[in-house]
Amino acid sequence: MKSTKTPERKSTVLQEAFDNARNSADKAAAMENKTHQRRSAKEHKKSKSRKNINHFTDVHGLPSIEKIVSTVEETPEPINTIITGTIPEWIDGNFLRNGPGKFEIGNQKFNHWFDGMALLHQFKISNGEVTYKSRFLSSDSYQANKEHNRIAMSEFGTVTMPDPCKNFFQRFLSKFELPKPTDNANVSFVTYKGDYYVSTETNIMHKVDPELLETTKRVDWKNFIAVNGATAHPHTEPDGTTFNMGNSYTTKGAFYNIIHVPATKTSEDESLEGAKVLCSIPSEDKAKPSYYHSFAMSKNYVVFIEQPIKMDLLKIVTGNLTGKSISDGFFWDPKLNTIFHLIDKQTGKVNSLKYYTKALSTFHQINAYEENGLLIVDMCASDDGQAIANYNVQNLRKSGEALDEVYNTLCRVFPRRFVLPLNVDDNTPCGQNLNTLPNSTATAMRLSKNKVFCTHEDLHGEDLHQYGGLEFPQINYGKYNTHPYRYFYGCGFRHLVGDTLIKMDIQGKQMKVWEKPGLYPSEPIFVPSPNATEEDDGVILSVVITPNKDKSTFLLALDAKTFEELGRAAVPVNIPYGFHGTFNATA
């Protein structure tokens, strides 16, 4: 087996920005002496700017969900649950969940929901019974915080303060250090080469034993390919081949990279060996690339959606100096269009044809497939990209009118379909709708050479509006990802987090809803029935949080076809609202 060499580190635009920041030390010293005045001015500026914030809804009387973002203790040993109804006996495996579980370290508090320490959950399902256990991820970030009893490593929305044990000069110099990427992988469980990892969006993942919930290996993408991070939402082919995306920052600017990871291991202890960058797409703005949380994939293409949520790299790289967090470097530029880039999965060639649409924000795609010369891309999207800023912990813990205000300034997210014509050349007429998909209201018009402008079709009826839109979409992934499909599942959002479960039938755009007052279900995961012959033959699993009742969280099982409750497994501990999960079937 060939040894894997670490890619040569290139000097980056980040390093250049850092060097410029270092030369401004005298300015920083002055700033150091005016910390309180600066903070006061910032607060005043924030209070003034809030008067100009858009309101998208006019909802009143939202109940408090403060306990959804409360720190909990881990439960490292399996505990029994109380079954009501029936958990199908054919379900055999681990339902794994990931999300933040610790929001304070010592007397310091994290600012953003995305900052909480990763807590890994396992619901072991066998013979109609369920046990539960959880462990905090033993990341470097978690261990450093625990050792120092303070926030020792910066997270997405929280900047660490200089170590109080250092002298003034050492604390001053620490402001000129580049921000270290966190390994607090609290977003999702993913698989590469059959192994389970927990991931965030930095360059660090952790290989995890799904039975023990213990970290077995810390894995750095940069040891295998030249990227500065990767998404927590890779796509996997039926044979195990995996595709992902990650950014790199070079002297020529920022690049979006399409990543290919082989299907199998050549030795038991390997991780990302054999990973390669299929292609690199330059950011239109070299120093302000777009943020993306995920991407779409069809049979032949990776679909990268370059949206106008931008990252100011200079602001991010000088965060220690200025006291700004990574989240402070994010901004929404609605004047820009959204661009769809198509990349051939076999050759890595980027299609010269670009598809444009108006400014939109998307975090999760539903599915993508090719049919009769068209590429259909379904996603959850909104017309505003400022939602990330609203999800700080303080907002989630508000109540009364203050909580209503936070919700009403969030743009609702709805499922949409874009149809991209693949066979466009110099002979294709301009100004004509190229969407030939039957009964579709989406449009695609050639504007000029290599430029097509698209409008979307709503994948829902008017009734979805009363449920606050839909997010955390899931499908029967194993059988229908990259193929024509009929059903998808998600959470309705009449609150800052999901408060209903929804099944959408694309044919006729009809939906079924599961809802119970005061209950907040998480992302629904589809588990197919053995020998299933129909797309929705299976069970939906979701962890339901009960912020107004102590120790009454439960695992919910719904019949995916009827959307009726089959059973629930009540857990006698508190669990915070998490992000993403997966089902690990027992072999």
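Notes on the structure follow. (Residues numbered from 1 in each chain as written. Predicted model: local features only at pLDDT ≥ 70, side-chain atom pairs only at ≥ 80, totals over all residues. Heavy atoms only, no water.)

The next thing to look at is the overall build of the protein. The helix and strand tally for the protein stands at 11 helices and 37 strands. The burial tally for the protein puts 56% of its 587 residues in the buried class. In the protein, 64% of the contacts between residues at least 6 apart in sequence involve partners at least 24 apart. (Helix = DSSP H or I, 4+ residues; strand = E, 2+ residues; numbered from the N terminus. Buried < 20%, exposed > 50% of the residue type's maximum accessible area, 1.4 Å probe, protein only. Contact = heavy atoms within 4.5 Å.)

Turning next to the sheet that holds strand E13 (residues 242–250). With antiparallel pairing, the four strands of this open sheet are ordered in space as E12-E13-E14-E15. Unpaired on one side and paired on the other, strand E12 (235–236) and strand E15 (276–282) mark the two borders of the sheet. Sheet topology places E12 next to E13; two bridges connect them, and they run antiparallel. When the sheet's bridge partners are listed, Thr-236 is paired in E13 with Thr-242. (Pairing = 2+ DSSP bridges.)

Within helix H4 (residues 140–148), burial applies to Ser-141, Tyr-142, Ala-144 and Asn-145. With its buried residues spanning 165 degrees around the axis, H4 presents them on a single face. Structural note: H4 exposes Lys-146 and Glu-147 on the side pointing more than 90 degrees away from its buried face. Structurally, H4 contributes buried residues whose contacts are with strand E3 (93–102), strand E4 (104–105), strand E6 (117–126) and strand E7 (129–136). One or two positions beyond H4, positive phi appears at Asn-149, with a value near 55 degrees. (Arc of directions from axis to C-beta.)

To describe a pair of aromatic rings, one takes the distance between the centres and the angle between the planes. Summed over the entire model, instances satisfying the criterion amount to 21 aromatic pairs. Ring geometry for Phe-136 against Tyr-142: centres 5.5 Å apart, planes inclined by 15 degrees, an arrangement best described as stacked. Each member of the pair Phe-136 and Tyr-142 is classed as buried. Between the aromatic rings of Tyr-369 and Tyr-485, the centroid separation amounts to 6.3 Å while the plane-to-plane angle is 85 degrees, which identifies the pairing as edge-to-face. With Tyr-369 in strand E22 (residues 361–371) and Tyr-485 in the loop between helix H11 (477–480) and strand E29 (487–492), this pair connects stretches of sequence that are 116 residues apart. Per residue, the accessibility class of Tyr-369 equals that of Tyr-485, and both read buried. (Phe/Tyr/Trp six-rings, centres within 6.5 Å; stacked < 30°, edge-to-face > 60°.)

Attention now goes to the side chain of Glu-523. Relative to the helices and strands, Glu-523 resides in the loop between strand E32 (520–521) and strand E33 (525–528). Polar side-chain contacts of Glu-523 include one of 2.9 Å to the side chain of Gln-474. Separated by 2.9 Å, the side chain of Glu-523 and the backbone nitrogen of Gly-581 make a polar contact. Ignoring sequence-local partners within four residues, the contact set of Glu-523 consists of Arg-97, Phe-472, Gln-474, Cys-491, Leu-541, Ser-542, Phe-579, His-580 and Gly-581. (Polar contact = N/O pair within 3.5 Å; in protein donor to acceptor, adjacent residues only side chain to side chain.)

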